[in-house]
Amino acid sequence: VGKNYYAAEIMGFWPGCLISYALIYSPLYPIGVLFRILMSAKMQEKLGFTDNNFIVDCFYNLFCMPCVVGRESLEVDCETGAEIKCCCQLTQQFKVAVEVSNLLEKGEQSISRSCQRTCLPGGH
């Protein structure tokens, strides 16, 4: 979670990790879900997604938070040009090349943020 917030320039890595951990793994879980929904909305905005739905995000974060965090991590990796091949093997493109590539892809097609969305070679 902290990596996603840091990469999207929403929050620092350690504050994101510590706040998420303190809220999710405590009796404050409902507040943690609300925190995740707010941070997810900010991340969606930064990544250019327009299909935000508070009720759907609430449902996903309440009942399938690991899936939501994993999806966000894939989206952030895709936007930043990071590719995780195997445990601890990271390759990353230069930021300018990634931004140009992302702009070209976004111009060609509308972006949909759903559970079926994947960031495999060949598009979104």
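One can find the structure itself at the top, above this paragraph.
From a predicted model like this one, the values you see are computed outputs, not experimental measurements.

### A few points about the state of the cysteines
And then number 1: One pass over the structure, following the stated rule, counts 1 disulfide.
And then number 2: Two residues share a disulfide in this structure: C64 and C67, whose sulfurs sit 2.5 Å from each other.

### Focus: the environment of R36
And then number 1: Summarising the element assignment, R36 is placed in helix α3 (residues 29-47).
And then number 2: Each C-alpha atom, one on R36 and one on D57, is 9.0 Å from the other, the two residues being 21 residues apart in sequence.
And then number 3: Those residues in contact with R36, other than ones at most four positions away along the chain, are Y5, I24, N61, M65, V68, V69 and E72.
And then number 4: A polar atom in the side chain of R36 sits 3.0 Å from the side chain of Y5.

### Describing a nonpolar patch on the surface
And then number 1: Together, Y6, F13, W14 and L18 make up a nonpolar patch on the protein surface, roughly 500 Å² of accessible area in all.
And then number 2: The leading source of residues in the nonpolar patch is helix α2 (residues 13-24), at 3 residues.
And then number 3: Along the chain, L18 turns up in helix α2.
And then number 4: Of the residues examined, L18 reaches a relative accessible area of 55% and is grouped as exposed.

The rules behind these values
Residues numbered from 1 in each chain as written. Predicted model: local features only at pLDDT ≥ 70, side-chain atom pairs only at ≥ 80, totals over all residues. Heavy atoms only, no water. Disulfide = S-S within 2.5 Å. Helix = DSSP H or I, 4+ residues; strand = E, 2+ residues; numbered from the N terminus. Contact = heavy atoms within 4.5 Å. Polar contact = N/O pair within 3.5 Å; in protein donor to acceptor, adjacent residues only side chain to side chain. Patch = residues over 30% accessible without salt bridge, like charges linked within 9 Å, V, L, I, M, F, W, Y side chains within 5 Å. Areas by Shrake-Rupley, 256 points an atom, 1.4 Å probe, with all protein chains shown as cover. Salt bridge = Lys/Arg side-chain N within 4 Å of Asp/Glu carboxyl O. Buried < 20%, exposed > 50% of the residue type's maximum accessible area, 1.4 Å probe, protein only.

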